[in-house]
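Listed below are the residues making up each chain.
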Amino acid sequence: MTRNDRRDLGLLLLRLGAGGVLAAHGTQKLFGWFGGHGIEGTGRFMESVGYSPGKASATAAGLAETGGGTLLALGLATPAAGAAAAGAMAGAAAVHAPNGFFNQGGGYEYAATLGLTAAGLAVTGPGRLSLDHLLGHAVNRGWMIPAAFAATAAGTAVVVGARARRLRKAREGEQEALFEEEQME
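Before going into details, it helps to say that this report is about the structure given with it. Remember, predicted model here, so these are calculated numbers, not experimental data.

Here is what the cut-offs are and how they apply
Residues numbered from 1 in each chain as written. Predicted model: local features only at pLDDT ≥ 70, side-chain atom pairs only at ≥ 80, totals over all residues. Heavy atoms only, no water. Helix = DSSP H or I, 4+ residues; strand = E, 2+ residues; numbered from the N terminus. Buried < 20%, exposed > 50% of the residue type's maximum accessible area, 1.4 Å probe, protein only. Contact = heavy atoms within 4.5 Å. Phe/Tyr/Trp six-rings, centres within 6.5 Å; stacked < 30°, edge-to-face > 60°. Salt bridge = Lys/Arg side-chain N within 4 Å of Asp/Glu carboxyl O. Axes fitted to C-alpha atoms, helices over the stretch in contact; angles between N-to-C directions. Parallel < 35°, antiparallel > 145°, perpendicular 65-115°, else oblique. Left-handed = near helix turned anticlockwise from the far one by under 90°. Nonpolar A, V, L, I, M, F, W, Y, C, P; charged D, E, K, R; others polar. Expected span 1.5 Å × (residues − 1).

**Looking at unusual backbone geometry**
With an omega dihedral of -5°, the bond running from Ser52 to Pro53 counts as a cis peptide bond. The topology assignment puts Pro53 in the loop between helix H2 (38–48) and helix H3 (54–74). Notably, Ala77 is not glycine yet its phi reads approximately 55°, a positive angle. On the secondary structure map, Ala77 appears in the loop between H3 and helix H4 (78–96). Residue classification places Ala77 among the buried positions, given a relative accessible area of 15%.

The structure is reproduced here in structure tokens:
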């Protein structure tokens, strides 16, 4: 097996693994598959963590994960697929960031790993064992990488920024106690 063969096989494994996980995660949001809550339940969750409107946010995240993951697994439109999945994971990481890094404590480790893997695949390309290669890279051109990441970064910044403003505004009315009250006996 040549070095190129090994590289293509490795990229296929990364695409199938990360793409499959992302697609399954997205179908939980969209259809309630694999123990998910579907659009309604995910929409309520999205509202509870500051993404509004909830159903639209659930739909966008579900489509980015399902579509991006499926396209990554197939190796089709790899720059757009990887960028879309990375953007969705950046939104998820923003929710988990207050809990620190590690997933066991509710942190952003898992979202960051999936997002960085998707981004890495978008930049590296799908390899020869892909639909992009089969189709002559018609939707995997060099210029598409910065374009896909620029569009995704702009959209993600708007959505995550709006969430941060909503959360900040919700906390403005709350006031922490200046002194701890001692219990009277």
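**Quick look at the environment of Tyr108**
On the secondary structure map, Tyr108 appears in the loop between H4 and helix H5 (109–124). When neighbours within four sequence positions are excluded, Tyr108 is seen to be in contact with Ala93, His96, Ala97, Gly100 and Phe101.

**What about the packing of aromatic side chains?**
Summed over the entire model, instances satisfying the criterion amount to four aromatic pairs. Seen in terms of ring centroids, Phe101 and Phe102 are 5.0 Å apart; in terms of plane orientation they differ by 80°. Their pairing is edge-to-face. Residue Phe101 is classed as partly exposed on the basis of its relative accessible area, which comes to 38%. In this structure Phe102 comes out as exposed when scored by relative accessible area, which is 52%.

**Description of the pattern of salt bridges**
Scanning all chains against the criterion turns up five salt bridges. With a closest N to O distance of 2.9 Å, Arg128 and Asp5 form a salt bridge. Here Arg128 is found in the loop between H5 and helix H6 (131–134), whereas its partner Asp5 is found in helix H1 (residues 3–31), with 123 residues between them in sequence. The partly exposed category is assigned to Arg128, whose relative accessible area is 37%. The partner of Arg128 in a salt bridge is Asp8, and the shortest N-O contact between them spans 2.3 Å. Here Asp8 lies in helix H1 and Arg128 lies in the loop between H5 and H6, a separation of 120 residues in the sequence. Residue Asp8 is classed as buried on the basis of its relative accessible area, which comes to 2%. Through salt bridges with shared partners, a single network forms among Asp5, Arg7, Asp8 and Arg128.

**Brief notes about the packing of H4 against helix H7 (residues 144–172)**
Interhelical geometry of H4 versus H7 gives an angle of 20° and a closest axis separation of 9 Å. In this view, H4 runs roughly parallel relative to H7, as classed from their interaxial angle. Crossing of H4 over H7 shows right-handed handedness. In this structure, H4 contributes Pro79, Ala80, Ala83, Ala84, Gly87, Ala90, Gly91, Ala94 and Val95 to the contact, and H7 contributes Met144, Ile145, Ala148, Phe149, Thr152, Thr156, Val160 and Arg163. Here the contact of H4 with H7 is composed, by residue class, of 12 nonpolar, four polar and one charged.

**Here we look at H7**
Spanning 29 residues, H7 covers 42 Å between terminal C-alpha atoms, matching the ideal 42 Å at 1.5 Å per step. Within the sequence span of H7, burial applies to Met144, Ala148, Thr156, Ala162 and Arg163. Summarising the contacts, the buried residues of H7 are in contact with H4.

**Structural notes on the packing of H2 against H3**
Interaxial distance between H2 and H3 falls to 7 Å at its minimum, and their mutual angle equals 110°. Looking at the two axes, H2 sits roughly perpendicular to H3. Every pair of crossing elements has a handedness; the one defined by H2 and H3 is right-handed. Together, Ile39, Glu40, Thr42, Gly43, Met46 and Glu47 of H2 and Gly54, Lys55, Ser57, Ala58, Thr59 and Ala61 of H3 make up the contact between the two elements. Taken together, the residues of the contact of H2 with H3 sort by class into four nonpolar, five polar and three charged.

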